[in-house]
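Report on the structure
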Amino acid sequence: MRNRTPSRALSRRANNERTLAFLGGAVGIFLIVLGVFFIVVPLSGPNDPGYSLYLLIRSGLIGVGVLLVIGAVALGIRAFTYRGDNDLAQMTARVLGPALDDRFTYIRSVNRRGIGYVDAVLVGPPGVLVFRILDDAGVFFNEGQNWLEADPGRGPQAWKPASIKPTAECFADMKRLDAFLAGKGLARLPVFGMIVFTRDVPQVRLSSREPALPSASFSGLMATLYSTYLTQDRLDPARAEQIVRLLFA
């Protein structure tokens, strides 16, 4: 299995966006200051023939400057909040690696416009598999998209709504990824989802009834994949490589 992360590409993109944010903010502030200067030191009066144009230019400088500053702030926030590599995804790679050959590419920490952040994506002959990886501990029960966790304070058989919602989060990741790839001309792809817990028994105990997506801790991860995602080949190598290039760019 090829284990890759686009973190270097993300770092370059973040640096570029920080530079653009700085330049945009600087230009925006300059235009605002220039517009304010025209207000404080008027260069034209109401009786001048070009006064209307002067007012339009003055207001335009301030308006464009404000928009540039707002855009620079938004771009700067995005650039400084890029997430780097995911240790949990790297741990998962160490479980998958020995069982999967080089036809499979495991991409950690996917973070692209149109997709957002995804813990990891496995691309191979069976299709595209989106991972939601958690480090939570506890006793969990999953039915459909709903998750419950044991509530020891109310008794040994008591349950309460879980603080985690990994199935809904994974479905959201799958939907964004599928839409992104469809926009690149790769529609109707076999896209799957998988919930992975990095902790194992006794720290994590999992049970389910008709789950919307499969889930497993590390000890049961490969067995679960062999009974779901790995049951058959659905994706030709050329399309798989194209997907990898798009996610890794």
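Provided above is the structure to which this section pertains.
Residues numbered from 1 in each chain as written. Predicted model: local features only at pLDDT ≥ 70, side-chain atom pairs only at ≥ 80, totals over all residues. Heavy atoms only, no water.

1. Some remarks on the packing of aromatic side chains
Throughout the structure, instances matching the rule amount to eight aromatic pairs. Residues Phe38 and Tyr54 carry aromatic rings whose centres are separated by 6.0 Å and whose planes lie at 45 degrees to one another, so their mutual orientation is tilted. Taken together, the residues span a long stretch of sequence, with Phe38 in helix H1 (residues 7-40) and Tyr54 in helix H2 (residues 51-80) at a distance of 16 residues. The class for Phe38 is buried, based on a relative accessible area of 15%. Using a relative accessible area of 10% as the deciding quantity, one classes Tyr54 as buried. (Phe/Tyr/Trp six-rings, centres within 6.5 Å; stacked < 30°, edge-to-face > 60°. Helix = DSSP H or I, 4+ residues; strand = E, 2+ residues; numbered from the N terminus. Buried < 20%, exposed > 50% of the residue type's maximum accessible area, 1.4 Å probe, protein only.)

2. Some points on helix H6 (residues 237-248)
The end-to-end C-alpha distance of H6 is 16 Å, a good match for the 16 Å that 12 residues give at a rise of 1.5 Å each. Taken together, the buried residues of H6 touch strand E1 (2-4), strand E2 (105-112), strand E3 (116-124), strand E4 (127-134) and helix H4 (166-183). The N-cap of H6, judged by a side-chain oxygen 3.1 Å from the amide nitrogen of Ala238 a few residues on, is Asp236. (Expected span 1.5 Å × (residues − 1). Contact = heavy atoms within 4.5 Å. Polar contact = N/O pair within 3.5 Å; in protein donor to acceptor, adjacent residues only side chain to side chain.)

3. Looking at unusual backbone geometry
Trans is the common state for peptide bonds, and a negative phi is the common state for residues other than glycine. The step from Val201 to Pro202 runs through a cis peptide bond, and the omega angle for that step is 10 degrees. Relative to the elements of secondary structure, Pro202 occurs in the loop between strand E8 (191-197) and strand E9 (204-211). Even without a glycine there, the phi angle at Ser109 is positive, about 50 degrees. The topology assignment puts Ser109 in strand E2. For Ser109, a relative accessible area of 1% translates into the label buried. Unlike most non-glycine residues, Arg188 shows phi in positive territory, near 55 degrees.

4. Points about the nonpolar core
Counting residues in each nonpolar core, the largest one holds 30 residues, and the members touching the most others are Val121, Val123, Leu177, Phe197, Ile243 and Leu247. For this core, the secondary-structure elements that each account for two or more residues are E2, E3, E4, H4, E8 and H6. Considering every element that reaches this core, the biggest residue donor is H4, with five residues. Of all hydrophobic cores here, the second largest spans 21 residues; its members include Leu96, Leu100, Val196 and Tyr229. (Core = buried A, V, L, I, M, F, W, Y, C linked by side-chain atoms within 4.5 Å.)

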